[in-house]
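Descriptive analysis of the structure
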Amino acid sequence: IVTTNYYLNVRTAVIINVMHNTTDDIIPIDMKTLRVDIIPEFSLFVKNWLDNKLCYVRYNTGNHVIRQYHIDVLRNNKVDYLYILKNDQRKYFKYVEFVLQRVMKEDIAVKEKAYLVYNVAKNIMLDVLEDPYCNKNVKRSMNWVSGAVDFIMTSEEASVAMLNMVSYDYYTYSTHSTNVSVLGLLFAKYLGIGIDDMHSMGTGFLLHDIGKTQIDSSIVKKNGRLSNEEFEVMEKHVEKGVSVVEQIGGIADKSFYPIMQHHEREDGGGYPYGLGGDEIHQFGKIAKIVDTYDALTTPRPYSEARTPFSALTMMNSVMKGHFNLRYLKLFIQFLASRKS
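Residues numbered from 1 in each chain as written. Predicted model: local features only at pLDDT ≥ 70, side-chain atom pairs only at ≥ 80, totals over all residues. Heavy atoms only, no water.

The final tally for this structure, using the stated rule, is twelve salt bridges. The shortest N-O distance in the salt bridge between Lys91 and Asp88 comes to 4.0 Å. Among the ionic pairs, Lys222 bridges to Glu230, the shortest N-O distance being 2.7 Å. What emerges from the salt-bridge pattern is a single network uniting Arg90, Glu97, Asp127, Glu130 and Arg140. (Salt bridge = Lys/Arg side-chain N within 4 Å of Asp/Glu carboxyl O.)

The structure is reproduced here in C-alpha cells:
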C-alpha cells in the first residue's frame, strides 16, 4: 500500500489519507450497516479518484465514533458504500452482529442480507471454537439463530439466498457448523417445523461439533484419514460436546439432540449410544442427514468434494441404513425445490 497525504472535501472526515489499493485489499460495506454512536474499531474508507487513479481515502481510523450527521452528509454526497480492509472482516462481522436484526429490516438487497447473516455465524463460530466454555459466545450463537430464523421466514427469496450462501470451498469447522445450521434451518422451514423448535434445533446444529475442541488438534486437523485408534478418540467428540454445553448451561433441552445424535444411524450402527429408529429424536435424524451431506460436498484434505447429486446418490444407496428414509427423501425434494 502506498500512502500519501490528501484531504477529501467532505467535512465529516476524521483522519484521511489516500490508500492506493487493488480491489483485492478492499471490500465494500453497505452504509445501512453502520452503527450510530459506536466506535467501529476498524478503518473505513471512501472511494475516490485522484489524478485519474482510483484510490480509497481513509475516512475513519476506527478510533472515532460515527454520528448520525456523518452518515447524513455521506448520503448527501451520494455515498452508498464505504470500504474496509479484508483483514478487518472479522471485526466488521462482529460489529454488525449486535445490530443484525435491525439491519435485516433495512432496505438492503436480500443477497447482501444473506451474506451478512451467513458470515456473522462463521465469525461467531470462530470465537466458539477458540473459547468453547465461554457462556457469552453460546448466547451469541442463540441470538444469531433467532435472527437467522426471522430472516429465512420472511420470504422464499431469503431462503434461496441463504442456501446459495452455503460454502463448499474448503472444509473448516466454523464453515461446516454454519453450513449445517443454515441447511438444517432451511430444511426445518420446508418441513413446517414450528418457530420455537427451529430456534432450539438451530442452536444445536450450530454447536453440534463443539466437542471437537476437546480432541487433540493433531487428530482433528490430520491431513489424511484417521487410523482406527484415532477414530475411536474422534468419536468421543459427541459426548465431550454434550459435556461442554451442559457445563455452559442456558440452552434448551431440545438443542442437545443434534449435538448428541448427529452420528447415530437409523439401523443402530452409529455412535456413541448405538440408537436406532424411533430412539433417535427428529432433530437427531435431521442433523445426521445435513451433517453428512455438507461433509460429502465439501473438499477435505483426504477427500475431494462430491457434487450434490453424487452425495445424495451415495447417501441413498451406499449408505443405506444410515438415515431415516422419509427425511432423506424429503431432504432431496427440499434441495431440488430450492434451486435458484
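On to helix H8 (residues 195-206). Every α-helix winds through 3.6 residues per turn, so residues three or four apart in the chain are directed the same way. Here H8 is twelve residues long and its end C-alpha atoms lie 16 Å apart, about the 16 Å a rise of 1.5 Å per residue gives. If you check which residues of H8 are buried, you get Met198, Ser200, Met201, Gly202, Thr203, Gly204, Phe205 and Leu206. Close packing links the buried residues of H8 with helix H4 (110-130), helix H5 (135-152), helix H7 (173-191), helix H12 (256-261) and helix H13 (282-296). (Helix = DSSP H or I, 4+ residues; strand = E, 2+ residues; numbered from the N terminus. Expected span 1.5 Å × (residues − 1). Buried < 20%, exposed > 50% of the residue type's maximum accessible area, 1.4 Å probe, protein only. Contact = heavy atoms within 4.5 Å.)

Turning next to the side chain of Asp209. Residue position: Asp209 is located in the loop between H8 and helix H9 (217-220). Given the relative accessible area of 3%, Asp209 is considered buried. If we ignore the near neighbours within four places in the chain, the residues touching Asp209 are Tyr173, His176, Ser177, His237 and His262.

Turning next to the environment of Phe323. Following the sequence through the fold, Phe323 ends up in the loop between helix H14 (308-316) and helix H15 (325-337). On the basis of relative accessible area, Phe323 is assigned to the buried category, the value being 4%. Remark: the alpha-carbon pair of Phe323 and Lys285, spanning 38 residues in sequence, is separated by 6.9 Å. Sequence-distant contacts of Phe323, that is, excluding residues within four places in its chain, are made with Glu266, Lys288, Ile289, Thr292, Met315 and Leu328.

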